[in-house]
Amino acid sequence: MAQQEDVFKKIVSHCKEYGFVFPSSELYDGLGAVYDYGQNGVELKNNIKQYWWQSMVLLHDNIVGIDSAIFMHPTIWKASGHVDAFNDPLIDNRDSKKRYRADVLIEDQIAKYEEKIEKEVAKARKRFGDSFDEAKYRETSERVLENQAKRDALEQRYKDAMNGNDLQAIKQIILDEEIVDPISGTRNWTDVRQFNLMFKTSMGSTAEGASDIYLRPETAQGIFVNYLNVQKTGRMKVPFGIAQIGKAFRNEIVARQFIFRMREFEQMEMQFFVKPGTEIDWFKSWKEMRMKWHQALGFGAENYRFHDHEKLAFYANAATDIEFKMPFGFKEVEGIHSRTNYDLTQHEKFSGKSIKYFDPETKESYTPYVIETSIGVDRMYLSVMCHAYQEEQLENGETRTVLKLPAALAPVKLAVLPLIKKDGLPEKAREIMNDLKFHFNCKYEEKDTIGKRYRRQDAIGTPYCITIDHETLTDNCVTLRDRDTMKQERVPISELRSLIEDKVTITGLLKKLQ
Ligand code: GAP
């Protein structure tokens, strides 16, 4: 675990050192849980967004995109339930004056019991060696059973309290479990209060004329309130989908793990409108399609899992998360939800306007059901970074840090490197670059030794480098180096584009989805 934490710290500093992610407002000591993407970061992020957008909008002729505003009529958030129920339970410690999410304190306590169990099992595995029967040990060890029983009882109490929205019961769990503030070490807790996660601001210039509005906490509502506009103007027939990528804002209380939980982040959401009664079949097929999208990146199926929700929101009839194995465990990257007709019905009720779909074939009107796929760009980005970051031991005893990014997502596809800065090599390199730059992102570099330049490109995940040497001037060939194998081959300049283009464009990834 400690080792994994170290790896994660290295990834965070690598992101900063190589222009991927910077803490926001760093010059002014930063702003909690807000981050900026640097020169390489923005390219990687744009590639992730393109991969998602094209997989939705290009590959499905019944899915179109929109770009709705961040500010929306405040009643939308009343209708969606965010004003009344988009809350986290908070608790303060009177000694440290620090604020915590009460649910997170309890979840951490559950994790502590789980850690104790795993420690017992690991000790026994070491003690018994090859003859160790793990399943039997888990069923019979007194210590394991005792901790398992405590864990299960706590989880049940916690679920009951959360489901019943019983804030007093949540506090009582914290007291009974003797959970202490990690800073003050005391149990001097306040009562638990609900805290709404939406950021509020005001629109209008005068205090009297101004009205409270919110920064959207999800992009989905922009799709719901535009669904009929799109359906009518695009002559869309159910089933059809609307995709959107955009910023969302949540005043997260416990913002942790770098860009995993941010206060300003980006979502890629798609609402798929279907005929009532067909939603579960569509839910299943979107589950499959979305998992395929993730796995096409080649990170290995073992790093993904579904987490089906047992307890559903009252309006949902199926929900699952796609989780990815981060250095800090399997974590949600995407949610897939069957949301019935709840959102559309709410908007009908609160706006007082009919937004029913008229089916031209059956001549009936109905409110479509919705399957939602919702993925955080930044979380996806983190999963890509975590998987790509590697420290490799080389045959000559050196280590190299390399980002094994899928070539289609890499910020730079080809580094163009003249061996030396004279004898016409830079000019030849520029000539090659000027031809290829129209097809994919190329970077010209002439400073430092070729070895150092290769390392710098490895560190930002550039899949290919070409070196222009004196022979290039006569034979019109360059040395092409592959990031992962570090193999080098001599290839004609005229073949470079065809050798590289297919491997580095999003098209190659999209073809795997067909
Ligand atoms: N419209 C449904 C919705 O917003 P959600 O589970 O709250 O559902 C969907 O969010 C996805 O957005 C998550 O799976 C996650 O990837 C991302 N996300 C949510 N909150 C986030 C945060 N504070 N920071 C970064 N990403 C976040």
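Residues numbered from 1 in each chain as written. Predicted model: local features only at pLDDT ≥ 70, side-chain atom pairs only at ≥ 80, totals over all residues. Heavy atoms only, no water.

1. Remarks on the site of the ligand
Contacts to the ligand come from 18 residues, most closely from Glu218, Met262, Glu269, Glu332 and Val333. Glutamate 218 is positioned such that a nitrogen or oxygen atom in its side chain is 2.6 Å from a nitrogen atom of the ligand. Between the ligand and methionine 262, the relevant distance is 2.8 Å, taken from a nitrogen atom to a main-chain nitrogen or oxygen of the residue. About the coverage of the ligand: the protein hides 91% of its 550 Å² of free accessible area. Among the elements of the structure, strand E10 (264-274), strand E13 (329-338) and strand E16 (369-376) are those that each provide at least two residues to the shell around the ligand. A per-element tally of the shell around the ligand places E13 first, with 4 residues. Within the shell around the ligand, the residues separate by chemical class into 5 nonpolar, 4 polar and 9 charged. (Near = heavy atom within 4 Å. Polar contact = N/O pair within 3.5 Å; in protein donor to acceptor, adjacent residues only side chain to side chain. Areas by Shrake-Rupley, 256 points an atom, 1.4 Å probe, with all protein chains shown as cover. Helix = DSSP H or I, 4+ residues; strand = E, 2+ residues; numbered from the N terminus. Nonpolar A, V, L, I, M, F, W, Y, C, P; charged D, E, K, R; others polar.)

2. Here we look at the UniProt feature "binding site: substrate" (unreviewed entry) in the protein
With numbering aligned to this structure, UniProt lists the feature "binding site: substrate" (unreviewed entry) at Arg101, Glu218, Phe265, Glu266, Gln267, Met268, Glu269, Glu372, Thr373, Ser374, Ile375 and Gly376. An extended arrangement is adopted by the annotated residues: their sequence extent is 276 residues, and the largest C-alpha distance between any two is 27.2 Å. Counting through the fold element by element, glutamine 267 comes out in strand E10. Those residues within four positions of glutamine 267 in sequence are excluded, and the remaining contacts are Pro217, Glu218, Thr219, Gln244, Ile245, Gly246, Ala248, Arg250, Ser374, Ile375, Gly376 and Val377. At 3.0 Å, the side chain of glutamine 267 forms a polar contact with the backbone nitrogen of threonine 219. If you trace the backbone, isoleucine 375 turns up in strand E16. For isoleucine 375, a relative accessible area of 0% puts it in the buried group. Look past the residues within four positions of isoleucine 375 in its chain and what remains in contact with it is Trp52, Glu266, Gln267, Met268, Arg290, Trp293, His294, Val333, Glu334 and Met380. (UniProt positions renumbered as here; feature names shortened; annotations may be inferred. Contact = heavy atoms within 4.5 Å. Buried < 20%, exposed > 50% of the residue type's maximum accessible area, 1.4 Å probe, protein only.)

3. Brief notes about the sheet that holds strand E5 (residues 99-101)
The pairing of strands in a sheet happens through backbone hydrogen bonds and is either parallel or antiparallel. Pairing in this open sheet of 3 strands is antiparallel, and the strands run E5-E4-E6 from one edge to the other. What marks the edges here is a single partner per strand, and that holds for E5 and strand E6 (193-196). Each strand axis lies, on average, 45 degrees off the axis of its neighbour in the sheet, ignoring direction. Two strands pair when backbone bridges link them, and strand E4 (residues 87-92) and E5 are joined in this way by 3 bridges, in the antiparallel orientation. Residue pairing in the sheet places leucine 90 in a bridge with arginine 101 of E5. (Pairing = 2+ DSSP bridges. Axes fitted to C-alpha atoms, helices over the stretch in contact; angles between N-to-C directions.)

4. Overview of the sheet that holds strand E11 (residues 304-308)
Spatial strand order, E3-E9-E10-E16-E13-E12-E11: 7 strands in an open sheet with mixed pairing. The open sheet terminates on both sides in strands that have one partner only, identified here as strand E3 (63-65) and E11. For this sheet, the mean angle separating the axes of adjacent strands, direction not counted, is 25 degrees.

5. So, the domain arrangement of the protein
The assigned domain composition of the protein is domain 1 (2-86 + 197-385), domain 2 (90-195) and domain 3 (402-513). Taking only C-alpha atoms, the centre of domain 1 and the centre of domain 2 are 30 Å apart. Contacts between the two partners involve 10 residues from domain 1 and, on the opposite side, 9 residues from domain 2. Both sides together, the interface formed by domain 1 and domain 2 hides about 670 Å², and carbon and sulfur atoms give 60% of it. Our count for the contact surface shared by domain 1 and domain 2 stands at 1 salt bridge. The shortest N-O distance in the salt bridge between arginine 101 and glutamate 252 comes to 3.9 Å. Linking domain 1 to domain 2 there are 0 residue pairs in polar contact (both at pLDDT 80 or more). Of the residues contributing to the side of domain 1 that touches domain 2, the split by class is 4 nonpolar, 1 polar and 5 charged. (Domains from an automatic or database assignment. Buried area = accessible area lost by both parts, 1.4 Å probe. Salt bridge = Lys/Arg side-chain N within 4 Å of Asp/Glu carboxyl O.)

6. Looking at the side chain of aspartate 92
In this fold, aspartate 92 is placed in strand E4. Given the relative accessible area of 15%, aspartate 92 is considered buried. At 3.1 Å, the side chain of aspartate 92 and the side chain of arginine 99 are in polar contact. Residues within four places of aspartate 92 in sequence aside, it is in contact with Lys98, Arg99, Asn188, Trp189, Thr190 and Arg193.

7. Let's talk about the nonpolar core
Ranked by internal contacts, the top residues of the largest apolar core, which has 62 residues, are Phe20, Leu44, Tyr51, Trp52, Tyr381 and Leu382. Each of two domains, domain 1 (2-86 + 197-385) and domain 3 (402-513), supplies a minimum of three residues to this core. Residues contacting tyrosine 51, with those up to four places away along its chain left out, are Trp293, Ala296, Leu297, Leu409, Ile506, Leu509, Leu510 and Leu513. Among the nonpolar cores identified, the runner-up in size contains 21 residues, and Leu414, Ala429, Leu496 and Val504 belong to it. (Core = buried A, V, L, I, M, F, W, Y, C linked by side-chain atoms within 4.5 Å.)

8. Description of unusual backbone geometry
A cis amide bond links valine 238 with the next residue in sequence, proline 239, at an omega value of 5 degrees. Mapped onto the elements, proline 239 comes out in the loop between helix H10 (227-233) and strand E9 (240-249). Positioned with a positive phi, arginine 235 is a non-glycine residue whose angle comes to about 45 degrees. Inspection of the secondary structure assignment puts arginine 235 in the loop between H10 and E9. Residue class for arginine 235 comes out exposed when judged on its relative accessible area of 76%. Despite not being glycine, asparagine 476 shows a phi value in the positive range, around 55 degrees. When you line up the elements, asparagine 476 lands in the loop between helix H16 (472-475) and strand E22 (477-482). Residue classification places asparagine 476 among the partly exposed positions, given a relative accessible area of 38%.

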